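Examination of the molecular architecture
Next come the chains, spelled out residue by residue.
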Amino acid sequence: MVAMALYLPLLLMLLFTAISSPQDLPLTPTTTTYDYVVVGCGIAGLVTSMRLSEDENVSVVCLEAGPL
């Protein structure tokens, strides 16, 4: 019970910092283009994007739904 009381404030802090507010969103859309789009920035997605970006003439973007 004591451990739960110690971890509860930490969990609440992480929850409130993970929720993005409308102020975090850009006001104007960007028109940047990429050669590759990797969806999912887990271990496999990051390795894939690293390997693709070894060529300096290639641009890669990783998209992740949740916080990193």
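An account of the accompanying structure is given in this report. This is a predicted model, so every value here is computed, not measured. (Residues numbered from 1 in each chain as written. Predicted model: local features only at pLDDT ≥ 70, side-chain atom pairs only at ≥ 80, totals over all residues. Heavy atoms only, no water.)

This part takes up the overall build of the protein. Across its full length, the protein carries two helices and two strands. Taken from the N to the C terminus, the helices and strands of the protein come in the order α-β-α-β. About 6300 Å² of surface is accessible on the protein, with carbon and sulfur atoms providing 67% of the total. (Helix = DSSP H or I, 4+ residues; strand = E, 2+ residues; numbered from the N terminus. Areas by Shrake-Rupley, 256 points an atom, 1.4 Å probe, with all protein chains shown as cover.)

Of the pairings in the sheet, the one linking strand 1 (residues 36–39) to strand 2 (residues 60–63) comprises four bridges and is parallel in character. What sits directly across from Val 39, in strand 2, is Leu 63. Between the parallel elements strand 1 and strand 2, the chain passes through helix 2 (residues 43–52) in a crossover that is right-handed. (Pairing = 2+ DSSP bridges. Right-handed = clockwise from strand over helix to strand, strands pointing away.)

Another point: the environment of Cys 41. By the secondary structure assignment, Cys 41 is in the loop between strand 1 and helix 2. Along the sequence, Cys 41 and Leu 63 sit 22 residues apart, while their C-alpha atoms lie 6.5 Å from each other.

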